[in-house]
Amino acid sequence: MTKVSMEVILKNIEEMPSWPVALQNVIRLTEDPQSDIKDLEREILKDQSLTTRVLKLSNSLHYGYPSKISTVSQAVILLGFNTIKNIVLASTVNTMYIKDLESYGLKKEDLWRQSQSGAIIARYLAKKIKYKKVEEAYIAGLLRDIGKVILDYHIKEDYQVILEKVEKENISFLQGEEAVLGFNHAEVGYRIATKWNLPEGLREAIAYHHRPQDALEYRELVSIVHVADAITMMLIENVGVEGLNYRFNSQALDNLGITEKALEEMIVEVSDLLVNEQREVF
């Protein structure tokens, strides 16, 4: 058995490309109160595939616009800056997520669907509890398992050992990773988020989305992502080996002021929401 070290993982992360310039510029523009529609349109038009995706989404029946949207500026007006930012981010992450992750029992597109579902649910929860940065919750939900993309390549030889430990000792796959490797995919995700220079709140949400009790400054955001992750495991198919002995931390509900009864009602609402949003948007 070959046990990969964190040093090897860090070297691999260091060799990863930074986020595309187009993505960085779009995020910067959507967060700059001085930028306008023309600024954002000019940046999006530099990328043909991104332009196509924005127009496709804007013409979705989900938005019920009476006539066809044919320009990016119309799309920005219709969808708003935050939604445009999420489309660009999702498009970038999509290229990383749509692949087989053998070590996690995930086939092509499984991780993408799982991540997108978690993002949609996180945004829903943020709105429900009146969390101020709703779109931040969406992004945190989308990126929470980014560490799996890197770790999958390195743990193929250790996969069976981890899985046997999970089943034999009745522990979560996260705990199995720690027992065999000495670290887990959430820690690797944190390192990637640091490489990309993401805001500390997003880094913390990625690092502690399985253990909200360990959150430092951003406990509310981390708890949103944890609950969203747990609901995702309940509602969607093909969640891979991480669904084995999944550990839900009820403290996250306390952090968000959500009762168990309210959670049950939310799960019903979210189930319909996932069907609609994933079919019409992605």
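Residues numbered from 1 in each chain as written. Predicted model: local features only at pLDDT ≥ 70, side-chain atom pairs only at ≥ 80, totals over all residues. Heavy atoms only, no water.

- In the nomenclature of an unreviewed UniProt entry, the protein chain corresponds to HDOD domain-containing protein from the organism Isachenkonia alkalipeptolytica.

**Considerations on the packing of helix H2 (residues 21-31) against helix H3 (residues 37-44)**
Item 1. Relative orientation of the contacting elements H2 and H3 amounts to 170°, with a least axis distance of 10 Å. Here H2 lies roughly antiparallel to H3, going by the angle between them. Across the interface between the two elements, Ala-22, Asn-25, Val-26, Leu-29 and Thr-30 from H2 touch Asp-39, Leu-40, Glu-43 and Ile-44 from H3.
Item 2. Tallied by class, the residues present in the contact of H2 with H3 amount to five nonpolar, two polar and two charged. (Axes fitted to C-alpha atoms, helices over the stretch in contact; angles between N-to-C directions. Helix = DSSP H or I, 4+ residues; strand = E, 2+ residues; numbered from the N terminus. Parallel < 35°, antiparallel > 145°, perpendicular 65-115°, else oblique. Contact = heavy atoms within 4.5 Å. Nonpolar A, V, L, I, M, F, W, Y, C, P; charged D, E, K, R; others polar.)

**Considerations on the environment of Asp-110**
Item 1. With respect to the secondary-structure elements, Asp-110 resides in helix H7 (residues 110-128).
Item 2. Given the relative accessible area of 7%, Asp-110 is considered buried.
Item 3. Residues Asp-110 and Ile-98 lie 12 residues apart in sequence; the distance between their C-alpha atoms is 7.5 Å.
Item 4. Among the polar contacts made by the side chain of Asp-110, one reaches the main-chain amide nitrogen of Lys-107 at a distance of 2.8 Å. (Buried < 20%, exposed > 50% of the residue type's maximum accessible area, 1.4 Å probe, protein only. Polar contact = N/O pair within 3.5 Å; in protein donor to acceptor, adjacent residues only side chain to side chain.)

**Quick notes on the nonpolar core**
Item 1. Core analysis: the largest hydrophobic core is formed by 88 residues, its most contacted members being Ile-9, Ile-84, Leu-125, Val-188 and Ile-224.
Item 2. When residues in this core are grouped by element, the largest group, nine residues, is from H7.
Item 3. What Leu-125 contacts, discounting residues up to four positions off in sequence, is Ile-224, Val-227, Ala-228, Ile-258 and Met-266. (Core = buried A, V, L, I, M, F, W, Y, C linked by side-chain atoms within 4.5 Å.)

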